[in-house]
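Notes for the structure review
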Amino acid sequence: MAQDTKQAQSLRDIAKASGVDMIWERYEGQTPQCGFGQLGLCCKNCNLGPCRIDPFGEGAQVGVCGADADTISARNLARHVCAGSACHSDHGREIAHTLLFAGTGAAPSYEVRSPHKLRILAEEYGIDPGKEIKELARLVAQKMLDEFGKQFEDISFIKRAPKKQQDIWKKLNITPCGIDRPIVETMARTNIGVDNDYKNIIFGAMKAALADGWGGSMIATEATDILFGSPKAIRATVNLGVLKEDEVNIIIHGHVPLLSDVIVTASQDPELIKLAKEKGAKGIALGGICCTANEILMRRGIPVAGNFLQQELAIATGAVDAMVVDLQCVLPALTKIASCFHTKLISTHPKAKFPGMRHIEFREEEALDIAKEIVKVAIDNYPNRDRSRVNIPKESMDLVAGFTAENVFSYLGGKYRATYRPLNDAIISGRLRGVAGIVGCDNPKMESGMAHIKLVKELLRHDVLVVQTGCAAIACAKEGLLVPEAANKYAGMGLREICETVGIPPVLHLGSCVDNSRILIACSNMVKEGGLGAGIDELPVAGAAIEWMSEKAVAIGLYFVASGVPVVFGTPLPVTGAPNTTRFLTSELEGICGGRWIFEPDPIKSAHIMIRHMDKKRNALGIKPAMYKARTIEAD
Ligand code: BF8
């Protein structure tokens, strides 16, 4: 049993002893899950229903309106994509709005920490980059905000994609005009009696997904880099062992770094540290959970307490004095487990309240004061910690994060050769077989993080460079895969040579889920660098969100598929009761846009599907096969 699984088990036992179920038990309590839902065969879009299609072909094959399995499953999928795209994009809008505040001075806690990136963005938007920083922040933020409401004009960052992809999208009429519009339009199409052609519905969903990847998420990444600084390689620690026995422990959980970054600042306030000491603590320790953890890890080196599945476990340690949440992936079940321990739960976002949770509303204009108030709640709660119930796991692991599309691949050629040439050359020579993006959630349906780890290890020994974001990155970091030393332990000969020469890990942490946009940019840069074909679809690259759970993962999956990348999901999308929709997504799309979906639960088989794809693309490019045979690794 992996260390992490043992740790989870012992904390689950503690919760059980307190009479509380955790996500694994609640999942078991739901099994067998609704087969109609899993197959995508139920529709409750209107009050003619709810309707369901009999998967055995004996009962009803159409709903009351006449929609068949393909129409129903495509509509359901499109709605998932809209929700996922909306979630990422709304996040992007909030950061752009705060960038505007930083320019106007309305939110004194925020300033431009990366003027260099701001100037690059200004130039891209056609603004004179020589203007004064605050004015530039205002102008760039306004341009970003305008992207959301565009009606007829393509979103700006589409121009970053290779021309081949842009032409495909134009031909299919799926180039997003604005960010909000394709989401609204796709929701409208899924209403009763609107779009009933499963292919046309999926093309609509692709437009909404592209609006996320090349729009909302990309704006989130760029605006966050401008406001909070462009990440640089940074070493930190990960896992519940980052919690401290003798300090005030605050967990920051959620996604939008507007809150988490300013809590980091508040936790370093000398007055608050003094107050913590007066209460008997040695200091204030922060740990992140979910993607907000990745944001403050990437830029400030704050330890990561855990991924999605560790949020309840963190509270069961009995050592968390406050858990502060904003939005996305925050389980409403937290209130139950917190009621058995001393942990104070604090919600902060006006769009995300939880029954039974104290709400301290966060406003950018008064960010630091509010953050201090929140930190004080944790400090005041420290004396209530019941030491006899504290069980902090020992496990923690080093990791290196802070890679971006601008910095990491340039490192491959050393400081003085800052281009993608060395990466492309390594692929062309066969030293690297290809690049894989292993991203997304962890899921109790799978092996709770272990599927990512097995998949990544199998790729590494085949000389595949791995890039990661989200909870997948945290899962692999806990296993020790995100340190340079991992190359020696797990990588094939070619990948190892590169990692050891340059001093990078074989698994590169690119940030949070909105930072999957960095992978799109990296792929585009590889194409632009030359020698690997004319489009992303020609690159020896593949993606996986093997333990996917959130609708955001569906949007991410679809924008990669639409951009020409095959994507592996461990559990199928809820479409498999509809044969035509399934065939379209898993096979026919490859001939249309280059990417397709693959549903494969076994991580080793998944790795080999990705490897075969890379070899197929290498062959089509006419470049040499991989230089080395796969490395044999003793099981650890
Ligand atoms: O946005 S990987 S469980 S935390 S959805 Fe959620 Fe999935 Fe984690 Fe980040 Ni992304």
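All figures in this text were calculated on a predicted structure; none of them were measured in a lab.

1. Thoughts on the overall build of the protein chain
Counting its secondary structure elements, the protein chain contains 25 helices and 16 strands. Taken over C-alpha atoms, the radius of gyration comes to 24 Å for the protein chain, in line with the 26 Å a tight globule of 636 residues would show. Projected onto its principal axes, the C-alpha coordinates of the protein chain cover approximately 65 × 65 × 55 Å. Burial analysis of the protein chain (636 residues in total) assigns 61% to the buried set. The contacts of the protein chain with a sequence gap of at least 6 include a subset with a gap of at least 24, amounting to 76%. For the protein chain, the accessible surface area stands at approximately 23,100 Å², while carbon and sulfur atoms represent 53% of it. Counting 73 positive and 73 negative side-chain charges, the protein chain places the centres of these two groups 2 Å from one another.

2. A look at the site of the ligand
In the neighbourhood of the ligand, the contacting residues comprise His-255, Cys-290, Cys-291, Phe-308, Cys-329, Gly-440, Cys-441, Cys-471, Cys-513, Met-549, Ser-550 and Lys-552. Note that an oxygen atom of the ligand is positioned 2.7 Å from one of the side-chain N or O atoms of His-255. Lys-552 places a polar side-chain atom, nitrogen or oxygen, 2.9 Å from an oxygen atom of the ligand. Residue assignment places the shell around the ligand across two domains, with domain 2 (240-389) and domain 3 (405-621) each supplying three or more.

3. So, the packing of aromatic side chains
By the definition in use, this model includes 8 aromatic pairs. With centroids separated by 5.9 Å and ring planes inclined at 35°, the aromatic side chains of Tyr-125 and Phe-157 adopt a geometry described as tilted. Pair noted here: Tyr-125 is in the loop between α5 (115-124) and α6 (133-149) and Phe-157 is in the loop between α6 and α7 (163-172), with a separation of 32 residues, a long-range link. Residue Tyr-125 is classed as buried on the basis of its relative accessible area, which comes to 10%.

4. Quick word on the coordination of the nickel atom of the ligand
Only one protein atom coordinates the nickel atom of the ligand: Cys-513 (SG), located 2.3 Å from the metal. Tracing the backbone through its elements, the reader meets Cys-513 in the loop between β13 (507-509) and α22 (516-529).

5. A few points about the nonpolar core
The biggest cluster of nonpolar side chains holds 221 residues, and the ones touching the most others in it are Tyr-110, Val-140, Met-144, Trp-214, Met-323, Phe-409 and Leu-459. Excluding anything up to four places from it in sequence, Val-140 contacts Leu-99, Leu-118, Leu-121, Ala-122, Tyr-125, Ile-127 and Ile-226. Counting 7 residues, the second largest nonpolar core, distinct from the first, contains Leu-41, Ala-69, Ile-72 and Ala-578.

6. Description of the pairing of strand β11 (residues 434-438)
Of all the 5 residues making up β11, 5 are buried; the element is thus mostly covered by neighbouring parts of the structure. Here β11 shows two buried faces, one formed by Gly-434, Ala-436 and Ile-438 and the other by Val-435 and Gly-437. With 5 bridges joining them, β11 and strand β12 (residues 464-468) adopt parallel strand pairing. Across the sheet, the residue bridging to Ile-438 is Gln-468, located in β12. Where β11 and strand β14 (residues 541-545) come together, 4 bridges link them in parallel fashion. In the sheet register, Ala-436 faces β14, and the bridge partner there is Ala-542.

7. Brief notes about the state of the cysteines
Using the criterion set out here, one finds 0 disulfides in the structure. Unpaired in this structure, Cys-51 has its nearest cysteine sulfur neighbour in Cys-43, at a distance of 6.3 Å. For Cys-51, a relative accessible area of 15% corresponds to the buried category. Here Cys-523 is not disulfide-linked; the sulfur of Cys-593 is the nearest cysteine sulfur, at 14 Å.

8. What about the sheet that holds β11?
Strand order in the open sheet formed by 6 strands is β13-β12-β11-β14-β15-β16, and the pairing between neighbours is parallel. Among the strands making up the open sheet, the edge pair consists of β13 and β16 (597-599). Taking the axes of each pair of neighbouring strands and ignoring which way they run, one obtains an average angle of 25° across the sheet. Here helix α18 (residues 450-461) sits on the sheet and contacts β11, β12, β13 and β14; the angle it forms with β12, its principal contact strand, is near 145°.

9. So, the pattern of salt bridges
One pass over the structure, following the stated rule, counts 46 salt bridges. For the salt bridge of Arg-26 with Glu-312, the shortest nitrogen-to-oxygen distance reads 2.9 Å. Residue Arg-26 is found in helix α2 (residues 23-30), and its partner Glu-312 is found in helix α13 (residues 311-316); the two are separated by 286 residues along the sequence. In this structure Glu-312 comes out as buried when scored by relative accessible area, which is 2%. Connected through shared salt-bridge partners, Lys-117, Glu-124, Arg-160, Glu-222, Asp-225, Glu-295, Arg-299, Glu-406, Asp-515 and Arg-518 make up one network.

10. Notes on the pairing of β14
Within β14, 5 of the 5 residues are buried, leaving the element largely enclosed by the surrounding structure. Where burial is concerned, the two faces of β14 agree: the one with Val-541, Gly-543 and Ala-545 and the one with Ala-542 and Ala-544 are both buried. Inspection of the sheet shows β14 paired to strand β15 (residues 567-569) by 3 bridges, in the parallel sense. Bridge pairing in β15 places Ala-545 opposite Phe-569. Once you follow β14 into helix α23 (residues 551-562) and on to β15, the crossover reads as right-handed.

11. Overview of the domain arrangement of the protein chain
Domain parsing of the protein chain yields domain 1 (67-228), domain 2 (240-389) and domain 3 (405-621). Its C-alpha centre places domain 1 at a distance of 23 Å from the equivalent point of domain 3. In this complex, domain 1 contributes 40 residues to the contact, which on the side of domain 3 involves 39 residues. When domain 1 packs against domain 3, close to 3,200 Å² is buried across both sides, 68% of that on carbon and sulfur atoms. The tally of links between domain 1 and domain 3 comes to 5 salt bridges.

12. Here's the deal with helix α17 (residues 421-429)
Residues Pro-422, Leu-423, Asn-424, Ala-426, Ile-427 and Ser-429 constitute the buried set of α17. Just downstream of α17, Gly-430 is the residue with a positive phi angle, here 95°.

13. Thoughts on α23
For α23, with 12 residues, the first-to-last C-alpha span of 17 Å sits near the 16 Å given by 1.5 Å per residue. Among the 12 residues in α23, 11 count as buried, and that is most of the element. Considered for burial, the residues of α23 that qualify are Lys-552, Ala-553, Val-554, Ala-555, Ile-556, Gly-557, Leu-558, Tyr-559, Phe-560, Val-561 and Ala-562. Backbone nitrogen of Lys-552 and a side-chain oxygen of the N-cap are separated by 2.9 Å at the start of α23; the cap is Ser-550.

Reading guide: rules and limits
Residues numbered from 1 in each chain as written. Predicted model: local features only at pLDDT ≥ 70, side-chain atom pairs only at ≥ 80, totals over all residues. Heavy atoms only, no water. Helix = DSSP H or I, 4+ residues; strand = E, 2+ residues; numbered from the N terminus. Rg over C-alpha atoms; globule rule 2.2 N^0.38 Å. Buried < 20%, exposed > 50% of the residue type's maximum accessible area, 1.4 Å probe, protein only. Contact = heavy atoms within 4.5 Å. Areas by Shrake-Rupley, 256 points an atom, 1.4 Å probe, with all protein chains shown as cover. Lys, Arg positive; Asp, Glu negative; His and termini not counted. Charge placed at Lys NZ, Arg CZ, Asp CG, Glu CD. Near = heavy atom within 4 Å. Polar contact = N/O pair within 3.5 Å; in protein donor to acceptor, adjacent residues only side chain to side chain. Domains from an automatic or database assignment. Phe/Tyr/Trp six-rings, centres within 6.5 Å; stacked < 30°, edge-to-face > 60°. Donors = N, O, S within 2.8 Å, 3.2 Å for Na, K, Ca; no water. Core = buried A, V, L, I, M, F, W, Y, C linked by side-chain atoms within 4.5 Å. Pairing = 2+ DSSP bridges. Disulfide = S-S within 2.5 Å. Axes fitted to C-alpha atoms, helices over the stretch in contact; angles between N-to-C directions. Salt bridge = Lys/Arg side-chain N within 4 Å of Asp/Glu carboxyl O. Right-handed = clockwise from strand over helix to strand, strands pointing away. Buried area = accessible area lost by both parts, 1.4 Å probe. Expected span 1.5 Å × (residues − 1).

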